[in-house]
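Chain by chain, the residues:
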Amino acid sequence: MARLASNPPVAPTGMAPGANATPPSAGPGALALALAPRAQGRLARPSTLGCLVLAAALLVGLYWRMFAALVAIWSIDPNYSHGFVVLGGGLVFAVLSALGVPGGTRFGLPDLVPRRQTLAGIAWMLVGFLVGVAGGVLGQWLLGVVSLIFVLCGAIRLVGGEEAKRRFGFAAMFLIFMAPLPMAWYQPAAVTLQAIASSLSAGVLEAFGATVFREGYQIHLPGYTLEVGQACSGLRALTAVLALAVAVGHFSGRTGWYAWVLAVAAVPIAVAANCLRVVLTAILMMALGPRWAEGVFHTAEGLVVLALAAVLLLAAAAGLTHIEGRFLPTGKRPQEPLAPTRRAIARSESEACTTGRGVRLRARLALLMAILALAWAGFETGRNWLEAAGPLPAVPLARPLAELPLVLGPWRGHDEPLRDPRAVYADEHLQRTYRHVERSQALSIWLVYSREGADRGHHPEVCMRVAGKPEDVPARRELAVDGGKAPIQRYRFGRPGDYQWGFYWHYTLPPAEDSGVHRLQRLYQRLRKRPSSLTIEVFAPEYSPDDVRYVEEFVRQLDETVRPLVGPNAVRGSRRLPVTVLEGVEPPAATKSTKR
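Enquirer: Summarise the overall build of the protein; cite the residues concerned and give the values.
Expert: The number of helices and strands found in the protein is 16 helices and 14 strands. Looking at the protein alone, contacts between residues at least 24 apart form 77% of all its contacts between residues at least 6 apart. Counting every atom, the protein has about 28600 Å² of accessible surface; 64% of that belongs to carbon and sulfur.

Structure follows, in structure tokens:
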């Protein structure tokens, strides 16, 4: 370093004599400082600005379908309404990084960038395109957002080199918070947070002297019942507080442990804030009436509690700063990182600009626009070809569900009306109660057919848990039946003295194979749209150990009777896939009768 520092400054190629120059050893910030005059001149040219605007337009065009879908999700799903704020925050962070916040100089595009940095940017973009293809085929918007982040980081590195990636990488990666979670991830997380919120809130209310009885996610108060629904699970608040923690940790300019500790602290802060919201809602409901727990009042409570969570997070950040200053060496990130790799990168970029080795700005911009244009054309062509086969055709039932016999051996049935409109979420429904003629034993069946596979969004493992009936896991069994390889799932829910048996299985109705559809198109159809299906559930209260044996005999007979209704090509299954909670709708329960 001493030898390098003794070298006289050399003006980069293309700079006017007498222009300020910086020695290659001055660190990563030296490149931006040395090239700032030329970069600012380059940015001032309409041709450079036009190329950047065109590249941005190509990027938006490449992902416009994803943005349209995300905006629709953010607009109708309150769990992801924070996506607008995250997108705006990412743009603000990019502007702040360009201005050198925190502590630094304004960024300017370098005229020359080493070839390996250009190739690294192209590699990042290619990975992003591959992830985007996977997300488009699978219909997962999380993969689409990850693809956008990779492409953004690659484009930034291609155009601006390592210094640009270091500055703007956080703004691009921050966009991950705007992505909707896959239902397979969201559902377990929401259910877990619902259980935590309802349990802690009931405990706090009881500690303050309120008469409380908790049943599942329902908190029973004197004269009122408060349900902790999915919207009140706290997952939305957790995402918002975690995003704020990450932003504060980054722009604090401190070491990595500071940001990690702050992110971890965001989890209990968000959970506590959500519990406070539930407790506040319960108090207002008991003191002023139920209207104070609904509508605009409920929304205002959420905003106030979220603001309180932000204050608590900032207080935690201040506490970490105090601890760091008192017990640890200063955590401020040095303006010139000490990692040898950073010094090597800075030296190579300076040498590339000094000796003329590297890729010029015009070439990099042209390369970026060409890559984005080719990717856009490729994506649109591939998507149009995959969608040319049309959606997966629906398959109707061979016979209506109403033709299911009312007499099944010793069991006699009668139809039950569907009084709750929220329970009608598919194309055909059948709710029926059967009674054993000799045992006075009753059970209920629930059959749901959907042309779009919407029936598979309901599962007793989730809905019984919401209803406050935990599963007796050791009692879970697989019931073998004829007519297919897949068994029927058997469950037991409730508590001693109030157990209920549950049986779950479904039939998938695959469409006929079309010889004119390519194998990849058929795969795309199946991944983008669920096939038509029929879900069957049976529930029976337990009075004696013999009850389950009679119910199992009924289930086998029911399955045999249902097969002619679904047709010979239907495939039986019983995959444990909890995906959706029908809030406020409990599964049908058989009417309890006294054993003789």
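Enquirer: I'd like a description of helix α10 (residues 256-288), backed by residues and values.
Expert: With 33 residues, α10 should cover 48 Å at 1.5 Å per step; its first-to-last C-alpha distance of 47 Å lies within 8% of that length. Trailing α10 by a residue or two, G289 shows a phi angle of about 110°, which is positive.

Enquirer: Can you explain the packing of aromatic side chains? Please cite residues and give values.
Expert: Within the structure shown, the criterion is met by 13 aromatic pairs. With a centroid separation of 6.1 Å and 50° between ring planes, the pair formed by Y80 and Y186 is classed as tilted. Of this pair, Y80 sits in the loop between α4 (64-76) and α5 (83-98) while Y186 sits in helix α8 (residues 183-207), and the two are 106 residues apart along the sequence. For the pair shown, Y80 and Y186 are each scored as buried. Their ring planes at 50° and their centres at 5.0 Å tell us that F93 and F251 sit as a pair that is tilted. Of this pair, F93 sits in helix α5 while F251 sits in helix α9 (residues 235-251), and the two are 158 residues apart along the sequence.

Enquirer: Lay out unusual backbone geometry in plain terms, naming residues and giving numbers.
Expert: Not every positive phi belongs to a glycine, and S440 is a case in point at roughly 55°. Counting through the fold element by element, S440 comes out in the loop between β8 (428-436) and β9 (442-450). The class for S440 is partly exposed, based on a relative accessible area of 22%.

Enquirer: Any details on the pattern of salt bridges? Residues and values, ideally.
Expert: Applying the stated criterion to the full structure yields 17 salt bridges. Residues E461 and R476 are paired through a salt bridge, measuring 3.7 Å at the closest nitrogen-oxygen approach. Residue E461 is located in helix α14 (residues 460-466), and its partner R476 is located in the loop between α14 and β10 (477-479); the two are separated by 15 residues in the primary sequence. A single salt-bridge network, built from bridges that share partners, covers R65, E380 and R383.

Enquirer: An account of the pairing of β8 is needed here, citing residue identities and associated values.
Expert: Counting buried positions along β8 yields seven of nine residues, so the element is predominantly enclosed. Judged from the eight bridges that link them, β8 and β9 form a sheet pairing that is antiparallel. Pairing of Y434 across the sheet is with L443, part of β9. Where β8 folds back on β9, the antiparallel hairpin that results is connected by five residues, among which S440 adopts a positive phi of roughly 55°.

Enquirer: Describe the side chain of D472, with residues and values.
Expert: By the secondary structure assignment, D472 is in the loop between α14 and β10. Residue classification places D472 among the buried positions, given a relative accessible area of 18%. A polar side-chain atom of D472 sits 2.5 Å from a polar atom in the side chain of R492. Ignoring any residue separated from it by four or fewer positions in sequence, one finds D472 in contact with R492 and Y499.

Enquirer: Summarise the pairing of strand β7 (residues 411-415); cite the residues concerned and give the values.
Expert: Bridge count between strand β6 (residues 407-408) and β7: two bridges; the pairing is antiparallel. From the neighbouring strand, V407 faces β7, where its bridge partner is R412. Taking the residues that link successive antiparallel strands as the turn, the β6-β7 hairpin has two residues, and the phi of G409 there is positive, at about 60°. Sheet topology note: the β7/β8 ladder contains five bridges and is antiparallel. Across the sheet, residue D415 finds its bridge partner in β8, namely R432.

Enquirer: Explain the environment of A402 to me, using residue names and the numbers behind them.
Expert: Here A402 shows up in the loop between α13 (361-387) and β6. Assessed through its relative accessible area of 63%, A402 is described here as exposed.

Enquirer: Got a sec to walk through a nonpolar patch on the surface? Specific residues and values, please.
Expert: Together, L138, W385, L520, L523 and L527 give the surface a local cluster of nonpolar side chains, amounting to about 440 Å² of exposed area. Considering every element that reaches the nonpolar patch, the biggest residue donor is helix α15 (residues 519-528), with three residues. Considering the arrangement of structural elements, one finds L527 in helix α15.

Enquirer: Which residues make up the packing of α5 against helix α7 (residues 141-173), and what values go with them?
Expert: Any two packed helices are characterised by the angle at which their axes cross and by the distance between the axes. The interhelical angle for the contact between α5 and α7, taken along N-to-C directions, is 170°, at an axis separation of 8 Å. It follows that α5 is roughly antiparallel to α7 by the angle criterion. Counted together, G90, F93, A94, S97 and A98 of α5 and R167, F168, F170 and A171 of α7 form the full contact between these two elements. Class assignment for the residues of the contact of α5 with α7 results in six nonpolar, two polar and one charged.

Enquirer: Report on helix α16 (residues 547-566), specifying residues and quantitative values.
Expert: Relative to the 28 Å expected for 20 residues at 1.5 Å per residue, α16 spans 29 Å between its end C-alpha atoms, a close match to the ideal helical length. Taken as a whole, α16 has its buried residues at D547, V548, V551, E552, F554, V555, L558, D559, V562, L565 and V566. G567 sits one or two positions beyond α16 and adopts a positive phi of about 100°.

Enquirer: Mind laying out the confidence of the model for the protein, listing which residues take part and the relevant values?
Expert: For the protein, per-residue confidence averages 79 on the pLDDT scale, and 81% of positions sit at 70 or higher. Within the model, pLDDT remains below 50 along residues 1-44, and this stretch shows 56 contacts once partners closer than five positions in the same chain are excluded. In the predicted structure, residues 331-345 sits below a pLDDT of 50 and forms 27 contacts with residues beyond four places in sequence or in another chain.

Enquirer: Outline the nonpolar core, listing residues and values.
Expert: The biggest cluster of nonpolar side chains holds 67 residues, and the ones touching the most others in it are M125, F129 and L372. Considering every element that reaches this core, the biggest residue donor is α7, with 15 residues. Sequence-distant contacts of M125, that is, excluding residues within four places in its chain, are made with F150, V151, G154, A155, L158, L368, I371 and L372.

Enquirer: Can you explain the sheet that holds strand β4 (residues 224-227)? Please cite residues and give values.
Expert: With antiparallel pairing, the three strands of this open sheet are ordered in space as β2-β3-β4. Either end of the sheet is taken by a strand with one partner, and the two such strands are β2 (213-215) and β4. Between one strand and the next, the sheet's axes are offset by a mean angle of 25°, whatever the strand orientation. As defined by bridge partners, strand β3 (residues 218-221) adjoins β4 across four bridges and the pair is classed as antiparallel.

Enquirer: Could you give an account of the packing of helix α6 (residues 115-138) against α15, naming the residues involved and the relevant values?
Expert: Axis separation between α6 and α15 bottoms out at 7 Å; the angle between their running directions is 70°. Overall, the two elements α6 and α15 adopt an arrangement that is roughly perpendicular. Where α6 abuts α15, its residues G136, V137 and L138 lie against Y524, L527 and R528. When grouped by side-chain class, the residues that make up the contact of α6 with α15 number four nonpolar, one polar and one charged.

Enquirer: Before we move on, can you summarise the environment of G139 with the specific residues and values?
Expert: Examined against the element boundaries, G139 turns out to sit in the loop between α6 and α7. Between the C-alpha atoms of G139 and R528, which are 389 residues apart in sequence, the distance is 6.0 Å.

Cut-offs applied
Residues numbered from 1 in each chain as written. Predicted model: local features only at pLDDT ≥ 70, side-chain atom pairs only at ≥ 80, totals over all residues. Heavy atoms only, no water. Helix = DSSP H or I, 4+ residues; strand = E, 2+ residues; numbered from the N terminus. Contact = heavy atoms within 4.5 Å. Areas by Shrake-Rupley, 256 points an atom, 1.4 Å probe, with all protein chains shown as cover. Expected span 1.5 Å × (residues − 1). Phe/Tyr/Trp six-rings, centres within 6.5 Å; stacked < 30°, edge-to-face > 60°. Buried < 20%, exposed > 50% of the residue type's maximum accessible area, 1.4 Å probe, protein only. Salt bridge = Lys/Arg side-chain N within 4 Å of Asp/Glu carboxyl O. Pairing = 2+ DSSP bridges. Polar contact = N/O pair within 3.5 Å; in protein donor to acceptor, adjacent residues only side chain to side chain. Patch = residues over 30% accessible without salt bridge, like charges linked within 9 Å, V, L, I, M, F, W, Y side chains within 5 Å. Axes fitted to C-alpha atoms, helices over the stretch in contact; angles between N-to-C directions. Parallel < 35°, antiparallel > 145°, perpendicular 65-115°, else oblique. Nonpolar A, V, L, I, M, F, W, Y, C, P; charged D, E, K, R; others polar. pLDDT = per-residue confidence, 0-100. Core = buried A, V, L, I, M, F, W, Y, C linked by side-chain atoms within 4.5 Å.

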